[in-house]
Amino acid sequence: MRAAVWRAPGAPLTVESLDLRPPGPRDVVVRIAASGVCHSDRSVRDGTIPHPLPAVLGHEGAGVVERCGAAVTGLEPGDHVVLAWVAPCRRCFQCLHGHPELCEHGMDHAWAEPYARDASGAGVLAAFGTATFGELTVAPEHACVRVDRDFPLELAALVGCAVVTGVGAVRYSARVAPGESVAVVGCGGVGLAAIQGARLAGAAPIVAVDRVGAKLDLARACGATDALHADDDPVEAVRELTGGRGVDHAIEAVGSPATIRAAYDMTRRAGTVTVVGAGRFDDVVGFGAMELMVDAKTMRGCVYGATDPARDVPEMLRLHRAGRLDLGALVSRRISLDGIDDAFAAMDTGEVARSVVVF
Ligand SMILES: NC(=O)c1ccc[n+]([C@@H]2O[C@H](COP(=O)([O-])OP(=O)(O)OC[C@H]3O[C@@H](n4cnc5c(N)ncnc54)[C@H](O)[C@@H]3O)[C@@H](O)[C@H]2O)c1
Ligand SMILES: [Zn+2]
Ligand SMILES: [Zn+2]
C-alpha cells in the first residue's frame with residue numbers, strides 16, 4: 001500500500017510502498033477513503049510536537065473496514081468508520097472519571113509496534129495510532145467509530161479531529177450557554193468548527209480573529225457575527241464589542257504564547273479561556289500573579305474537544321444532516337496523496353481551512 005512517510009523533522013513526506021502488519025485479534029484493517037490535513041500533522045512534521053521517526057502522519061480520516069481480527073465483535077468488513085486518535089480503554093482513571101479524551105492508554109497502540117515495514121524491512125510507526133496518510137491502516141477496534149454507510153466519507157473524515165475538537169471545545173470545555181459571547185482566535189479547521197459550535201450553542205456575539213482576510217470571510221459563513229484582523233488590536237476591538245468587559249468565553253485555536261495571552265486578555269473577568277491550540281512544550285505564556293487572582297478567569301486546556309469519539313462522532317454527523325453544522329464549509333480543496341506537502345504549504349499561507357486527501 002502507498003503511504004506518505006515522514007523521515008526527518010521538517011523534511012517533505014515521501015510517498016512509498018509499505019507492507020502493513022497483519023491485524024491482531026482486536027484490530028481492524030481500514031482502507032482510508034479520505035483524510036483531512038490538520039495543523040497537528042504539520043507540528044509533528046516540523047518538530048513542534050515530539051514524535052519518533054519514521055512514521056506515517058494523518059489523524060483525521062475515515063474509510064471502510066477491510067479485515068477484522070478474530071476477536072473483533074463490533075465491526076465487520078464493509079463498515080464505514082471514522083478513526084479516533086484517542087482510543088479510550090474505558091477502564092483507566094481518566095476514562096472512569098469522565099475524560100475518555102485523556103485516556104491513559106488511548107495512544108498505547110501508536111508506540112507498541114510498527115504498523116508497517118518499508119522496502120528495506122524497517123519498521124514505520126502509525127503517528128497518533130491512525131496513520132491516515134496511507135491507503136490502508138491497522139488500528140484497534142475501539143479506535144474506529146462506525147458511521148452510516150451513506151454519509152460522505154470525505155466529510156466524515158473531518159469529524160475525526162477538527163470538528164469534534166472545535167465543537168467540543170465550545171460544548172464540553174467552555175460549556176457555552178445560549179446568549180453568551182464567544183471569541184475564537186484562529187480560524188483554521190479547528191477554529192471554524194468552534195465558530196460553528198458557538199452558533200449551535202446560540203452564542204452572540206461570535207467574534208472571529210485571524211490574520212488572513214479570506215479566513216474571516218469563511219468565519220462569517222460559519223456563523224461569526226464579527227470578524228477581526230489579528231493586526232488590528234483584536235483585544236481592544238473585542239472589548240468594544242462587549243461593553244468594555246470582554247467576552248464570556250475565548251477559544252484559542254492557534255497555539256502560540258501571543259494568541260493565548262490575547263485570548264486571556266479579550267475575556268471578561270470570571271470568563272473562561274479554552275486553549276485548544278498546540279504550542280511547543282518549551283513555549284511559555286506569562287501572567288502576573290496578581291492578575292490571575294483579580295481577574296478570576298478560568299483557563300483550561302482542551303484535548304480532542306473533551307469529547308468521547310464513540311458518542312460525538314455520530315452526533316456531529318447527525319447535526320450536519322440536520323443542517324445545524326456545515327462540514328462542507330471546512331473543505332477548501334481536495335488533493336491526492338502525492339500533493340500532501342502542498343497541503344502543508346497552503347496551511348502555512350493560511351489560505352485553506354482544510355485540505356482533504358481523497359484516495
Ligand atoms: N487540542 C487538540 O486536541 C487539538 C486538536 C486539533 C488541532 N489542535 C491544534 O489547534 C490549532 C489549530 O489547528 P488547525 O488545524 O485549525 O490549524 P490551521 O493551520 O488550519 O489554522 C490556524 C489558523 O490560525 C491563524 N493564525 C495564525 N497565527 C495567528 C495569529 N497570530 N492571530 C490570529 N490567527 C492566527 C491562521 O491564519 C489559520 O487560519 C493547532 O495548534 C493544532 O495543532 C489541537
Ligand atoms: Zn488534528
Ligand atoms: Zn482509558
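**Some details on the coordination of the zinc ion (ligand 2)**
Phase 1 of the analysis: Ligation of the zinc ion (ligand 2) by protein atoms is provided by Cys 38 (SG), His 59 (NE2) and Cys 161 (SG), these donors lying 2.0 to 2.3 Å from the ion.
Phase 2 of the analysis: The sequence motif formed by the donor residues of the zinc ion (ligand 2) is C-x20-H-x101-C. Residue Cys 38 is located in the loop between strand S4 (27–36) and helix H1 (39–45), and its partner Cys 161 is located in helix H4 (residues 153–173); the two are separated by 123 residues in the primary sequence. Per residue, the accessibility class of Cys 38 equals that of Cys 161, and both read buried.

**Focus on the pattern of salt bridges**
Phase 1 of the analysis: Evaluation of the coordinates by the stated rule reveals 24 salt bridges.
Phase 2 of the analysis: Linking Asp 348 and Arg 42 is a salt bridge whose minimum nitrogen-to-oxygen distance equals 2.7 Å. Separated by 306 residues along the polypeptide, Asp 348 in helix H11 (residues 340–349) and Arg 42 in helix H1 bring together distant segments of the chain.
Phase 3 of the analysis: With a closest N to O distance of 2.8 Å, Asp 312 and Arg 311 form a salt bridge.
Phase 4 of the analysis: Note on Asp 312: relative accessible area 0%, which makes it buried.
Phase 5 of the analysis: Residue Arg 311 is classed as partly exposed on the basis of its relative accessible area of 44%.

**Quick look at the sheet that holds strand S15 (residues 247–252)**
In a beta sheet, neighbouring strands are held together by backbone hydrogen bonds and run either parallel or antiparallel to one another.
Phase 1 of the analysis: Reading across from one edge, S14-S13-S12-S15-S16-S17 is the order of the 6 strands in this open sheet, with parallel pairing throughout. In this open sheet, the two strands that pair with only one neighbour each are strand S14 (226–229) and strand S17 (298–301). Neighbour to neighbour, the strand axes of the sheet diverge by 15° on average, direction disregarded.
Phase 2 of the analysis: Note: strand S12 (residues 182–185) against S15, 4 bridges, orientation parallel. Each residue of the ladder has a partner; that of Ala 183, found in S15, is Ala 250.
Phase 3 of the analysis: The strands touched by helix H7 (residues 234–241) within the sheet are strand S13 (206–210), S14 and S15, with S14 carrying the most contacts at an inclination of about 155°.

**Looking at the nonpolar core**
A general feature of soluble globular proteins is that nonpolar side chains tend to end up buried together.
Phase 1 of the analysis: Among the nonpolar cores identified, the biggest contains 92 residues, and Leu 18, Val 56, Tyr 115, Phe 133, Val 163, Ile 195 and Ile 251 are the most heavily contacted of them.
Phase 2 of the analysis: Considering every element that reaches this core, the biggest residue donor is H4, with 13 residues.
Phase 3 of the analysis: Split by domain, this core shows at least three residues from each of two domains, domain 1 (2–161 + 306–358) and domain 2 (162–303).
Phase 4 of the analysis: Of all hydrophobic cores here, the second largest spans 15 residues; its members include Val 207, Val 235, Ala 262 and Tyr 264.

**Quick notes on the packing of aromatic side chains**
Phase 1 of the analysis: Summed over all chains, the structure comprises 3 aromatic pairs.
Phase 2 of the analysis: In this structure an aromatic cluster arises from ring pairing among Trp 85, Phe 128 and Tyr 304.
Phase 3 of the analysis: We note Lys 297 situated over the ring of Tyr 264; from NZ or CZ to the ring centre the distance is 4.1 Å.
Phase 4 of the analysis: Against the face of Tyr 172 rests Arg 311, its NZ or CZ located 4.5 Å from the ring centre.

**Focus on the domain arrangement of the protein**
In many analyses, interface size is given as the accessible surface area lost on bringing the parts together.
Phase 1 of the analysis: When the domains of the protein are assigned, the result is domain 1 (2–161 + 306–358) and domain 2 (162–303).
Phase 2 of the analysis: Between the C-alpha centres of domain 1 and domain 2 the distance comes to 26 Å.
Phase 3 of the analysis: Listed by partner, the interface residues are 33 residues for domain 1 and 28 residues for domain 2.
Phase 4 of the analysis: Summed over both partners, the interface of domain 1 with domain 2 buries about 2400 Å², with 60% contributed by carbon and sulfur atoms.
Phase 5 of the analysis: Contact with domain 2 buries area across many residues of domain 1, yet Thr 48, Ala 306 and Leu 330 alone supply 20% of it, more than any other trio.
Phase 6 of the analysis: Scanning the region where domain 1 abuts domain 2 turns up 1 salt bridge.
Phase 7 of the analysis: Arg 171 is paired through a salt bridge with Glu 315; the nearest N and O atoms lie 3.0 Å apart.

**Some thoughts on the sheet that holds strand S8 (residues 116–117)**
Phase 1 of the analysis: Reading across from one edge, S2-S1-S5-S9-S8-S3 is the order of the 6 strands in this open sheet, with mixed pairing throughout. Looking at the sheet topology across the chains shown, the edges are occupied by strand S2 (14–17) and strand S3 (19–20).
Phase 2 of the analysis: Of the strand pairs in this sheet, strand S5 (residues 55–56) and strand S9 (residues 123–126) are connected by 2 bridges, and their pairing is parallel. Each residue of the ladder has a partner; that of Val 56, found in S9, is Ala 126.

**Description of the site of ligand 1**
Phase 1 of the analysis: Taken together, 28 residues surround ligand 1, and among them His 39, Asp 210, Lys 215, Cys 302 and Tyr 304 come closest.
Phase 2 of the analysis: One of the backbone nitrogen or oxygen atoms of Val 254 is found 2.9 Å away from an oxygen atom of ligand 1.
Phase 3 of the analysis: For ligand 1, whose unbound accessible area comes to 860 Å², protein coverage reaches 91%.
Phase 4 of the analysis: Tallied by class, residues from the shell around ligand 1 come to 16 nonpolar, 8 polar and 4 charged.
Phase 5 of the analysis: In terms of domain composition, the shell around ligand 1 takes at least three residues from each of domain 1 (2–161 + 306–358) and domain 2 (162–303).

What counts as what
Residues numbered from 1 in each chain as written. Chains lettered and ligands numbered in written order. Predicted model: local features only at pLDDT ≥ 70, side-chain atom pairs only at ≥ 80, totals over all residues. Heavy atoms only, no water. Donors = N, O, S within 2.8 Å, 3.2 Å for Na, K, Ca; no water. Helix = DSSP H or I, 4+ residues; strand = E, 2+ residues; numbered from the N terminus. Buried < 20%, exposed > 50% of the residue type's maximum accessible area, 1.4 Å probe, protein only. Salt bridge = Lys/Arg side-chain N within 4 Å of Asp/Glu carboxyl O. Pairing = 2+ DSSP bridges. Axes fitted to C-alpha atoms, helices over the stretch in contact; angles between N-to-C directions. Contact = heavy atoms within 4.5 Å. Core = buried A, V, L, I, M, F, W, Y, C linked by side-chain atoms within 4.5 Å. Domains from an automatic or database assignment. Phe/Tyr/Trp six-rings, centres within 6.5 Å; stacked < 30°, edge-to-face > 60°. Lys NZ or Arg CZ within 6 Å of the ring centre and 35° of its normal. Buried area = accessible area lost by both parts, 1.4 Å probe. Near = heavy atom within 4 Å. Polar contact = N/O pair within 3.5 Å; in protein donor to acceptor, adjacent residues only side chain to side chain. Areas by Shrake-Rupley, 256 points an atom, 1.4 Å probe, with all protein chains shown as cover. Nonpolar A, V, L, I, M, F, W, Y, C, P; charged D, E, K, R; others polar.

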